[in-house]
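# Coordinate analysis (summary)
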Amino acid sequence: MRSEKFFCNECQKMFGIPAFSEEKHGLDNPPYERIAVCPECRGDDFFKFDALIEKTEVAERLVPCIMRLNRYVNALKDVFGFEVKNIDLYESVDMLAELINEMFTFVNSDVQKKIFEMGSEKDVQRILMYLRGEL
């Protein structure tokens, strides 16, 4: 599977392999200049990027976000009481935690619970060490 993809700034499309066009520059005979172009719009304003990202790199960004959202929820509970509910906030935490669980299928229920309870940088580092297989 190729991880290299291209994105065209002109037509806003992603593609795997550029097409090629010959630029004659007013010449009647070759050699002509061969130019890589977008297969959709034939434009040459595109860039290459790596479409695959390591799961641990994603986790290193998501786990601290989950911890900060957990702290925010706890701060709201401190101010407004334990009955405070914000469905968008709770679902955001759930979605992020679920993504971590789907990426790392070996995560057991104890670690899942710890993800939902994270409240400090120390907790974040412990979870990340577990996900990297360092514990």
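Everything that follows concerns the structure shown earlier in this document.
Read on for a plain summary of the structure. All of these numbers come straight from a predicted model, not from anything done at the bench.

## Regarding helix α4 (residues 121–132)
- Between the first and last C-alpha of α4 there are 16 Å, a value that for 12 residues agrees with the 16 Å anticipated at 1.5 Å per step.
- Along α4, the residues classified as buried are V124, I127, L128 and L131. Angularly, the buried residues of α4 cover 100° about the axis, an arc narrow enough to put them on a single face.
- For α4, the elements touching its buried residues are α1 (55–80), α2 (87–103) and α3 (109–117).
- Of the residues trailing α4, G133 is marked for its positive phi of about 80°.

## A closer look at the side chain of N70
- Mapped onto the elements, N70 comes out in helix α1.
- Among the residues examined, N70 registers a relative accessible area of 6% and is labelled buried.
- Residues contacting N70, with those up to four places away along its chain left out, are V93, I115, F116, E117 and M118.

## Overview of the packing of α3 against α4
- Running from amino to carboxyl end, α3 crosses α4 at an angle of 150°, the nearest separation of the two axes being 10 Å. On the basis of the axis angle, α3 is roughly antiparallel to α4. For the element pair α3 and α4, the recorded crossing hand is left-handed. Across the interface between the two elements, V111, K114, I115 and E117 from α3 touch D123, I127 and Y130 from α4.
- Considered class by class, the residues forming the contact of α3 with α4 number 4 nonpolar, no polar and 3 charged.

## What to know about the packing of aromatic side chains
- In the structure shown here, the tally under the stated rule is 7 aromatic pairs.
- Ring centres 5.7 Å apart and planes at 85° place the aromatic pair F6 and F46 in the edge-to-face group. Here F6, found in strand β1 (residues 4–8), pairs with F46, found in strand β5 (residues 46–50); they are 40 residues apart in sequence, far enough to count as distant. The same class applies to F6 and to F46, which are both buried.
- Here F104 and F106 contribute two aromatic rings whose centre-to-centre distance is 5.8 Å and whose plane-to-plane angle is 80°, an arrangement assigned as edge-to-face.

## Quick notes on the layout of surface pockets
- In this structure, the largest pocket encloses a volume near 190 Å³.
- At the level of secondary structure, the elements contributing two or more residues to the lining of the largest pocket comprise α3 and α4.
- In terms of residues, the lining of the largest pocket owes the most to one element, α4, which gives 4 residues.
- The residue inventory of the lining of the largest pocket, partitioned by class, reads 5 nonpolar, no polar and 4 charged.

## Digging into unusual backbone geometry
- Between P30 and the following residue, P31, the backbone shows a cis peptide bond with an omega angle of 15°.
- As for its position among the elements, P31 is in the loop between β3 (19–23) and β4 (33–37).
- Of note, the phi angle at Q12 is positive, near 65°, even though the residue is not glycine.
- Along the chain, the position of Q12 falls in the loop between β1 and β2 (14–15).
- The backbone phi angle of H25 is positive, close to 50°, even though this residue is not glycine.
- Along the polypeptide, H25 turns up in the loop between β3 and β4.
- Look at H25 and you get exposed, because its relative accessible area is 52%.

Rules behind the numbers
Residues numbered from 1 in each chain as written. Predicted model: local features only at pLDDT ≥ 70, side-chain atom pairs only at ≥ 80, totals over all residues. Heavy atoms only, no water. Helix = DSSP H or I, 4+ residues; strand = E, 2+ residues; numbered from the N terminus. Expected span 1.5 Å × (residues − 1). Buried < 20%, exposed > 50% of the residue type's maximum accessible area, 1.4 Å probe, protein only. Arc of directions from axis to C-beta. Contact = heavy atoms within 4.5 Å. Axes fitted to C-alpha atoms, helices over the stretch in contact; angles between N-to-C directions. Parallel < 35°, antiparallel > 145°, perpendicular 65-115°, else oblique. Left-handed = near helix turned anticlockwise from the far one by under 90°. Nonpolar A, V, L, I, M, F, W, Y, C, P; charged D, E, K, R; others polar. Phe/Tyr/Trp six-rings, centres within 6.5 Å; stacked < 30°, edge-to-face > 60°. 1 Å grid on protein atoms, 1.4 Å probe; cavity = no way out; pocket = protein on both sides within 12 Å on 5 of 7 lines; lining within 4 Å. Points joined across faces, edges and corners; volume = space filled by probe spheres on them.

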